[in-house]
Amino acid sequence: MILERTEILEISDLLNQKDIEKLSFAADIIRRGGTVCFPTETVYGLGANALDQKAVSDIFTAKGRPQDNPLIIHLSDVSQIAKYCNIDDNGYFNKISPLFPAPLTVILDKKDMIPDLVTAKLKSVGVRIPKDKIARKFLELCDVPVAAPSANISGKPSPTCAQHVIDDLCGKVDAIICAGNTNVGVESTIVSLVTTPPTLLRPGGITYETLLDIFGDVAVSDAVLHEMKPGDTASAPGMKYKHYSPRANVTLVLGENQKVIEFFKTKLNCENCAILTFSEDIPYISGNIFDIGSINKPEQHAKSIFSHLRATDKISGLENVYVRITGDKSGLSLAVYNRLLKAAAYNILTL
Ligand code: TXA
Ligand code: MG
């Protein structure tokens, strides 16, 4: 940290003169080697100047993140990517770049100016150009590449509102830019362009189907749907860590409406358990119930899932969290399923 305390900067959606002044203040902290949490359309990030080793090491310290888990860099415009990365000559980058700005991270061959600390010594680096207008304005004012993982304590669900960031990182970072809830709710899609064909490393708002349309052929990393065994080399190193976990044990529940509702009813008045389920199930059950959105609306599940997982941590004595899933792996559902599998350590109850 470079300041004595965490500055809390409330930003309105309008981006008026006062907001710009606050963003300039935050950007100045980044340029002076400090750490700033900022909203994006996916989740909030914890940023520092990617070219400043000390600032980057402060990110790892604030989050309690293992140093072998690389960070991605954030830029305000696609035209800046060639300054920090060697654009692939197989044409993949040119095919996907029109999608930017987007909830998307591309893995490219890095140039030497990106410190090894950022990429955990990998020769590649993840690059993201967020769509969120506050994020873009902030990055433009920073005028340096901003290394930023999600702004949560390592292992906890990613933050989808400013309060989550304050809960985890107040006192550990120089400033927190507070805006509303994030729009997508799960982290960006990560696609590696240094493999042939490109490889989906983490599903997100840009879907596998969209990538397939663009590239014709896309590999899917094993880590998306399967547990990494000790000794497996993860193509997205972060995937090997326990993730998105509240304190209680999480079990995913898969089955037809009637069977699932019957199961949830056996948990009626159960004080040490919580249920995260679809809006349609809510009228039939009671207890510690969280509504994750309508059964056919994965965008609602993506928006609410991390927030509900975090909320279960606030219920004292909670031992079990049951989360209803549909098993759908298409579109945005793949991203939600991937995060839930990790939160539940692959524990699925099929009814
Ligand atoms: O939506 C997002 O991507 C958010 C916002 C703040 O932009 N950021 C985010 O960062 O989710 P993080 O660090 O929580 O997740 C990035 C993932 C990690 O699992 C990391 O291991 C992986 O990207 N990663 C970073 N660099 C990589 C590389 N060169 N090759 C493969 N995976 C990489
Ligand atoms: Mg993260």
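The residue numbers shown here count from 1 along each chain, following its written sequence. All chains are assigned letters beginning with A, and all ligands numbers beginning with 1, in the order in which they are written. Predicted model: local features are reported for residues with pLDDT of at least 70 only, side-chain atom pairs are reported and counted for 80 or more only, and whole-chain, interface and lining totals are derived from all residues. Remark: hydrogens and water are excluded; side-chain values derive from all non-hydrogen atoms of the structure.

Draft legend 1. Representation of the state of the cysteines. In plain terms, two cysteine sulfur atoms within 2.5 Å form what is called a disulfide here. Scanning all chains against the criterion turns up one disulfide. The disulfide partner of Cys270 is Cys273, and the S-S distance across this bridge is 2.4 Å. Look at Cys273 and you get buried, because its relative accessible area is 4%. Of all cysteine sulfurs, the one in Cys37 lies closest to Cys142, which takes part in no disulfide; the gap is 12 Å. No disulfide involves Cys178; its sulfur sits 8.9 Å from that of Cys170, the nearest cysteine. In this scheme, a residue with accessible area under 20% of its type's maximum is buried, one over 50% is exposed, and one in between is partly exposed, where area comes from a 1.4 Å probe on protein chains only.

Draft legend 2. Seen up close, the packing of helix H10 (residues 298-312) against helix H11 (residues 333-343). Between H10 and H11, whose axes approach to 9 Å, the crossing angle comes to 25°. Here H10 lies roughly parallel to H11, going by the angle between them. The chirality of how H10 crosses H11 is left-handed. Of the residues in H11, those touching H10 at Pro298, His301, Ala302, Ile305, Phe306 and Leu309 are Ser333, Val336, Arg339, Leu340 and Ala343. Here an angle of 0 to 180 degrees is reported between the N-to-C directions of two axes, which are lines fitted to C-alpha atoms, with helices fitted over the stretch in contact. Each helix is a run of H or I in the DSSP string that is no shorter than four residues. Each strand is a run of E no shorter than two, and both are numbered from the N terminus. Should an angle lie under 35 degrees it is considered roughly parallel, over 145 roughly antiparallel, and from 65 to 115 roughly perpendicular; all remaining angles are considered oblique. In a left-handed crossing the near helix is turned counterclockwise from the far helix by less than a right angle, and in a right-handed crossing that turn is clockwise. When checking whether two residues touch, look at their non-hydrogen atoms; a contact exists if any pair is within 4.5 Å.

Draft legend 3. Spotlight on H11. With 11 of its 11 residues buried, H11 lies for the most part within the structure. Looking only at H11, the buried set comprises Ser333, Leu334, Ala335, Val336, Tyr337, Asn338, Arg339, Leu340, Leu341, Lys342 and Ala343. On its buried side, H11 packs onto strand S11 (199-202), helix H8 (208-215), strand S13 (249-254), H10, strand S16 (320-325) and strand S17 (348-350).

Draft legend 4. Examining the sheet that holds S17 more closely. Here, any two strands with at least 2 DSSP bridges between them count as paired. Spatially, S15-S14-S16-S13-S17 is the arrangement adopted by the five strands of the open sheet, whose pairing is parallel. On the outer flanks of this sheet lie strand S15 (288-291) and S17, each paired with one strand and no other. For this sheet the average axis-to-axis angle between neighbouring strands, irrespective of direction, equals 25°.

Draft legend 5. Layout of the pattern of salt bridges. Salt bridge criterion: a side-chain nitrogen from Lys or Arg within 4 Å of a carboxyl oxygen from Asp or Glu. Across all of its chains, the model carries 13 salt bridges by this definition. Between Lys54 and Asp58 there is a salt bridge whose closest N-O contact spans 2.9 Å. Of this pair, Lys54 and Asp58 both sit in helix H2 (residues 53-63), four residues apart, which is roughly one turn of that helix. Lys314 is the partner of Asp167 in a salt bridge, and the nearest nitrogen-oxygen pair spans 3.3 Å. A residue pair is termed long-range when its members are at least 10 positions apart, and Asp167 in helix H7 (residues 162-169) and Lys314 in the loop between H10 and S16 qualify at 147 residues. With a relative accessible area of 40%, Asp167 lands in the partly exposed category. The structure contains a network of salt bridges with shared partners spanning Asp28, Arg31 and Arg32.

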